[in-house]
Amino acid sequence: MADEKRSTLNKDLLLLILQFCNDEGYKKTAHMLERESGCYFDMEFFEDMVLSGKWDKVEKYLSGFTNINDNKYSTKIYFEIRKLNFLEALDNNDRAKALDILMKDLKVFAHGNEELFREMTQLLTLDDFREHELLSMYGDSESSRKLLMDELKKLFEANPVLHGKLKFPSIKSLRLRRLINQGLNWQHIQCKYPQPNPDVKTLFEDHVCQWKQNHLFMQPTENPLPLQDTSVPVFPASWISGPSTVTHAVSNEDICLSGPITLATTSNNFWDSHTISQKSLLGAVDEVTSTMLDPGRNHSLECSISDDSPIISMNNDMLQNMEPINHVNLPKTVARILNEGSSPMSMDFHPVQQTFLLVGTNIGDIGLWDVNSGEKMLSENFMVWNIGACSMMFKTAMMKDPCMSVNRVAWSPNGSFFGVGYSKHIVQLYSYHGGTDVQQKLEIDAHVGGVNDLAFSTPNEQLLVITGGDDKIIKVWDVITGVQMHNLEGHEAPVYSLCPQCKEGIHFIFSTSVDGEIKAWLYDSFGARVQFDAPGLACTAMAYSSDNRRLFSCGTNKNGESFVVEWNESEGGAKRTYQGLCKISSAVVQFDPIKDKFLAAADDHVIKIWDMDKVELLTTIDAEGSLPANPHIRFNKEGTLLAVIASDNKIKILATDYGLQLLNASVNGFVDSSSDFSDALRKHAINPSSTVASSGEADGYVPTTCDEENLKAVKNKFFDKANNKLDVCKVFQINRPSQCQSLQLSGRGKADKISRLIYTNAGNAILALASNATHLLWKWPQNDINLSGKATTNVPSQLWQPRNCSRLMTNDLTGSKLEEAVPCLALSKNDSYLLSASGGIISLFNMLTFKTMTSIMPPSPAATSLAFHPQDNNIVAIGMDDSTILIYNVRLTKVKSKLKGHSGIVTGLAFSNAMNVLVSSGADAQIFAWDLDGWEKCKSKHLQLPDENIPVVGTQVQFHLDQVHFLVVHESQLSIYEAKELARVQQWVPEDSSRISHATFSCDSQMVYACFVDGTMSIFGASDLELKCQILPTAYLPTSSRLNVYPIAIAAHPQKPAQFALGLTDGGIVVFEPQEPGNTWYVGETYF
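What you see is a predicted model, and the numbers here were worked out from it, not measured in a lab.

Parameters and conventions
- Residues numbered from 1 in each chain as written.
- Predicted model: local features only at pLDDT ≥ 70, side-chain atom pairs only at ≥ 80, totals over all residues.
- Heavy atoms only, no water.
- Pairing = 2+ DSSP bridges.
- Helix = DSSP H or I, 4+ residues; strand = E, 2+ residues; numbered from the N terminus.
- Salt bridge = Lys/Arg side-chain N within 4 Å of Asp/Glu carboxyl O.
- Buried < 20%, exposed > 50% of the residue type's maximum accessible area, 1.4 Å probe, protein only.
- Phe/Tyr/Trp six-rings, centres within 6.5 Å; stacked < 30°, edge-to-face > 60°.
- Lys NZ or Arg CZ within 6 Å of the ring centre and 35° of its normal.
- Polar contact = N/O pair within 3.5 Å; in protein donor to acceptor, adjacent residues only side chain to side chain.
- Contact = heavy atoms within 4.5 Å.
- Arc of directions from axis to C-beta.
- Axes fitted to C-alpha atoms, helices over the stretch in contact; angles between N-to-C directions.
- Patch = residues over 30% accessible without salt bridge, like charges linked within 9 Å, V, L, I, M, F, W, Y side chains within 5 Å.
- Areas by Shrake-Rupley, 256 points an atom, 1.4 Å probe, with all protein chains shown as cover.
- Lys, Arg positive; Asp, Glu negative; His and termini not counted.
- Charge placed at Lys NZ, Arg CZ, Asp CG, Glu CD.
- Core = buried A, V, L, I, M, F, W, Y, C linked by side-chain atoms within 4.5 Å.
- Expected span 1.5 Å × (residues − 1).
- Parallel < 35°, antiparallel > 145°, perpendicular 65-115°, else oblique.
- Left-handed = near helix turned anticlockwise from the far one by under 90°.

### Description of the sheet that holds strand β36 (residues 775-779)
Across the sheet, four strands lie side by side as β34-β35-β36-β37; this open sheet has antiparallel pairing. Two strands lie at the open edges of the sheet, namely β34 (754-759) and β37 (798-799), each paired on one side alone. Sheet topology note: the strand β35 (residues 765-770)/β36 ladder contains five bridges and is antiparallel. Its bridge partner lying in β36, Ile 766 is registered against Trp 778.

This is the structure in structure tokens:
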């Protein structure tokens, strides 16, 4: 133990010396010490060397911390550095250097990687190594070094050799100087004859004041100082861990070793001082103060305040807080009161249908409420689905006490699943298909004891559920198969809460236990990466703000003390502690962030609100009373609705002004969830025959049972009411450019028209397919004005193509008739590959190089629609002009299946992962649903056209974010269908003869953007297809173009719900956003 303490103190001393060297400007010395001691890895210094290509210095510095053979991470680090050095030599045509690197530096990796070493050797024979398929994306040295550095940072974080060395500890400035100061003061009080102006000339010897002949005459006559009491032990300065207890002070001049020591005895302790009792050391009864001034500072009252003392200043923020504030954005109005049959324990709003509230109770029941109508859509009593598959421990626990309570309910990120964690062993997972369509998915005997929390996450696009329980273990399960993926052990007390997150592409999990311990985990078996204590060792829950940039926690310890804290993630310490909680809480205080602005905690029978940027309590909400001391609370995603558990088994729904508008307008619910459904339909039975998953067992799901005839009758009744309702809403109309923000994308000349238009999935570029079969790609730069690099109307875009590429991506027109072609394209989820056709051969392009990777399916027949499989980029659905659909494996160049059913051109394809179907539409006015497992036809339905004489041309389909409903676009109508029964739930038909040219959902599926051949752009509410806003041609087209130019293609930004782009018949492209950043197209506008 003594050796460990000594080692820790030695490391601390090294870090203090590093701080001193950096403060004094001795940078080279500091980096030498870092490398030789291995105590701190300076990432910024290392990154500068990498970006400068100083590879010898990079390896020399790195060698002080890890060697090639330390572990797999170290091996990977060295390999990536040497590989890029090798590629740069090749890029500079320095083959002699490249050969030298290969034989001296890279050969060490050849053992076990002979094929890789052989391929690297072959690169020496190529004129341009980019001809190698795996290196086709290599850019210039600057961009490659940045990519390398991003990869190295991840490896450093994961490398156990570097744990604890990547972050410099938080040390107060000039700490080493202060320690020397304290040591000198301590030596000074040991002097037998302390002098008022001692002369310290060196630090190499202890300071001793010399006797002076007139010493006695210099002492105060009323209180002479006695000799040193030899009974008082003298401790080394390094043993002093508390504040310095000294009689006299060493000034800043002595710290700098350039002047005499001065004495100060003042009772006005404004500086960095410590008041001590002289009685214990020198026998005096008076108290004196030691004033220690920092070096390099002006010794005035204003600038010499101690770092340890609170600085109190009357700033503008404090003055503002003294005045009444109108909190218009907080949900204060009680809009609904829901009456549960038993005591609610946990709640969660649906992430998409934001007026749907999932509730779990103390007797194991779960309920799904539509807070818009205030009625329960679904009620499920607890039952074990398959008791035979459960563990004997669970069966024994149930025999002793059959009572079961819900500890946690939670939705998956897109709302297609929800999970229920119970007080004994069990987790039950349901799939949700909209309305009352809920199906059993998995039952997992997850933990010994209670399941205290569960959460969903999607690392590597795989949906997982994470559970934590009384057995102190965290477990990670595959939601689809039920297989246990990870077992995270390390907590010494029951796990209390879980907080999965992803930052900079790294997925991790924060967990807390009831003893106040916080840990951070990666999805692997290497144990917790980070561990620290919650404030006050409180039982704590953690949550991020909606923008995922700020981390907060709230908890209560055994003494009833509660803490709401914002964390500094990089240092693992509290950044801000919020004030205003009750001093003694009877239970753990519950909290929830409100988007990225406010925090809310339920405490002392009220809901307390803080501005995230201020520690002072902002306001309280009493919810009209009847709240328990520490109720559970939950906000919906937009922060417009707040659910709080009240007395007598009630749940109060509080709303903002806009939330009240949502409830009154019913904008978030499809008609399937309307209040017209009867209680008999809402409370339906689920067949309890699903299998239990435990330690890797998967299951199937069980369909619901429901009276289909009654359901159909209720739906028809609702549709009649919906279609006959009065149009009381007015439409906001934009007819001038100043009423919105728009950006015209400029290119090289004009194409005939823009046939297809899409955003990249990253949201930083727009890709257009023109009628002449060429592709145009506009990218937005990342700069000080556009920090995110996403598409915006505030920054001009750039028509982009790769370096050393002289031509654009152009479709092969062999065998096609351009005037009869139906252009189509599809982009892979990672934006790397593009499939496209313009009536001829289908081309697969590399988006980074613009090179054609392969060509498939020459006509005839010709491709008319394309869609990538959501789970496999190698599988593509291809709609053909001979009415068939081909399921094609690009990698194997093989047709897997041929789907027949349409009697005309297939013009629309859309996959639903949640429903496991492919939906297709065509020129035959039919919609088909195909099962993804066997590619069999599930359902088909004819479109209900307003006029049978209307010719059916291109019909498009697109799934809603809930993956249950989909949009059907025809020139005569917009329709919303649900995928299970292909039932139409909404329809909009133009009142005049206006023809729709194209339409799409916004990225959050709350709006539908539609463009017309008369140049008008319309925006609809997605839930009811109610027209909300119109953009007239006068707002974006010049006068000379309004008669013959109109939008023919439309695309919605993948991350910004209010941004969309139009492709015009004259080859132009226009990007639109609301006038004010963050606004929608119709909320808060002035209506005419």
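### Quick word on the pattern of salt bridges
Across all of its chains, the model carries 28 salt bridges by this definition. Across the pair Arg 145 and Glu 88 runs a salt bridge, and its minimum N-O distance is 2.7 Å. Taken together, the positions of Arg 145 in helix α8 (residues 141-158) and Glu 88 in helix α5 (residues 72-91) put the pair 57 residues apart, joining distant regions of the chain. Taking relative accessible area as the criterion, Arg 145 reaches 15% and is therefore assigned buried. Looking at Glu 88, the relative accessible area reads 8%, which means it is buried. We note a salt bridge from Glu 461 to Lys 829, for which the minimum N-O separation is 2.8 Å. Of this pair, Glu 461 sits in the loop between β12 (451-457) and β13 (464-469) while Lys 829 sits in the loop between β38 (824-827) and β39 (833-837), and the two are 368 residues apart along the sequence. Under the relative-accessibility criterion, Glu 461 is labelled exposed at 61%.

### Considerations on the packing of aromatic side chains
Applying the stated criterion across every chain, the model contains 30 aromatic pairs. Between Phe 45 and Tyr 61, the ring centres sit 5.1 Å apart and the planes meet at 75 degrees, which makes this aromatic pair edge-to-face. Taken together, the residues Phe 45 in helix α3 (residues 43-52) and Tyr 61 in helix α4 (residues 55-62) connect sequence positions 16 residues apart. Aromatic pair Phe 1060 and Phe 1072: ring centres 5.2 Å apart, planes at 20 degrees, arrangement stacked. Of this pair, Phe 1060 sits in strand β59 (residues 1060-1064) while Phe 1072 sits in strand β60 (residues 1069-1074), placing them twelve residues apart in sequence. Residue class for Phe 1072 comes out buried when judged on its relative accessible area of 0%. Ring pairing ties together the aromatic residues Phe 41, Phe 45, Phe 46, Tyr 61, Phe 65 and Phe 156, which thus form one cluster. Taking NZ or CZ as reference, Lys 597 lies 5.9 Å from the ring centre of Phe 598, over its face. Over the ring of Trp 800 we find Lys 779, and its NZ or CZ is 3.8 Å from the ring centre.

### Describing the side chain of Ser 836
Looking at where Ser 836 falls in the secondary structure, it is placed in strand β39. By relative accessible area, which is 0% here, Ser 836 ends up buried. A polar side-chain atom of Ser 836 sits 3.4 Å from the main-chain carbonyl oxygen of Cys 824. When neighbours within four sequence positions are excluded, Ser 836 is seen to be in contact with Leu 769, His 775, Asn 811, Cys 824, Leu 825, Ile 841, Ile 842, Ser 843, Phe 845 and Leu 866.

### Some thoughts on helix α2 (residues 27-37)
Those residues of α2 that sit buried are Ala 30, His 31 and Glu 34. Seen from one end, α2 has its buried residues packed into an arc of 95 degrees, which puts them on one side. Along α2, exposed side chains directed more than 90 degrees from the buried face belong to Lys 28 and Glu 36. Directly beyond the C-terminal end of α2, a positive phi value near 65 degrees is found at Gly 38.

### Regarding the side chain of Thr 849
Examined against the element boundaries, Thr 849 turns out to sit in the loop between β40 (842-846) and β41 (852-856). A relative accessible area of 11% places Thr 849 in the buried class. Ignoring sequence-local partners within four residues, the contact set of Thr 849 consists of Ser 136, Met 137, Pro 802 and Cys 805.

### Thoughts on the environment of Val 334
Tracing the sequence through the fold places Val 334 in strand β3 (residues 333-339). Each C-alpha atom of the pair Val 334 and Leu 654 lies 4.4 Å from the other, and the pair is 320 residues apart in sequence. Residue contacts for Val 334: discarding those within four places in its chain leaves Ala 623, Glu 624, Ile 653 and Leu 654.

### Quick word on the pairing of strand β42 (residues 863-869)
Summarising burial for β42: seven of the seven residues are buried, a large majority. Bridge count between β42 and strand β43 (residues 872-880): six bridges; the pairing is antiparallel. Within β43, the residue paired with His 869 across the bridge is Asp 872. The turn linking β42 back onto β43 is made up of two residues.

### Focus: the sheet that holds strand β24 (residues 590-594)
Spatially, the four strands line up as an open sheet ordered β24-β25-β26-β27, and their pairing is antiparallel. For this open sheet the edge positions go to β24 and β27 (617-621), each flanked by a neighbour on one side alone. Each neighbouring strand pair of the sheet contributes to a mean axis angle of 25 degrees, computed without reference to strand direction.

### Looking at the environment of Ser 343
By the element assignment, Ser 343 lies in the loop between β3 and β4 (344-349). Along the backbone, Ser 343 and Asp 648 are 305 residues apart, and their C-alpha atoms lie at a distance of 7.6 Å. Discounting residues that sit within four places of it in the chain, Ser 343 has contacts with Gly 360, Thr 361, Asn 362 and Asn 649.

### Examining a positive patch on the surface
Together, Lys 28, Lys 54, Lys 57 and Lys 60 make up a region of like positive charge exposed at the surface. Tracing the chain through its elements places Lys 57 in helix α4. Under the relative-accessibility criterion, Lys 57 is labelled exposed at 51%.

### Some thoughts on the nonpolar core
Among the nonpolar cores identified, the biggest contains 42 residues, and Phe 41, Phe 46, Phe 86, Leu 152 and Phe 156 are the most heavily contacted of them. Contributing elements (two or more residues each) for this core: α3, α4, α5, α6 (95-106), α7 (114-122) and α8. Element by element, the count of residues in this core is highest for α5, at ten residues. Membership of the second largest hydrophobic core comes to 31 residues, among which are Ile 754, Leu 757, Leu 825 and Leu 827.

### Here's the deal with α5
Helix length check: α5 (20 residues) gives 28 Å between terminal C-alpha atoms against 28 Å at 1.5 Å per residue, within 8%. Counting buried positions along α5 gives 15 out of 20 residues, so the element sits mostly inside the fold. Where α5 begins, the capping side chain belongs to Asn 71, and its oxygen is found 3.0 Å from the backbone nitrogen of Tyr 73. Phi for Asn 93, located one or two positions after α5, is positive at around 60 degrees.

### Quick word on unusual backbone geometry
In the segment running from Pro 859 into Ser 860, the intervening peptide bond is cis, with an omega of -5 degrees. The residue Ser 860 is located in the loop between β41 and β42 in this model. Positive phi, close to 80 degrees, is recorded for Ser 883, a residue that is not glycine. For Ser 883, the location among the structural elements is in the loop between β43 and β44 (885-889). Of note in this structure, Asn 916 is not a glycine but carries a positive phi near 60 degrees. Along the chain, the position of Asn 916 falls in the loop between β46 (906-912) and β47 (917-922).

### Concerning a nonpolar patch on the surface
Nonpolar side chains collect at one region of the surface, where Ile 180, Leu 203 and Phe 204 lie side by side and expose about 330 Å² of accessible area between them. Considering the arrangement of structural elements, one finds Leu 203 in the loop between α9 (175-190) and α10 (215-218).

### Points about the packing of α5 against α6
Relative orientation of the contacting elements α5 and α6 amounts to 160 degrees, with a least axis distance of 7 Å. In this view, α5 runs roughly antiparallel relative to α6, as classed from their interaxial angle. Every pair of crossing elements has a handedness; the one defined by α5 and α6 is left-handed. Only Arg 95, Lys 97, Ala 98, Ile 101, Leu 102, Asp 105 and Leu 106 of α6 make contact with α5, whose side of the interface consists of Phe 79, Arg 82, Lys 83, Asn 85, Phe 86, Ala 89 and Leu 90.

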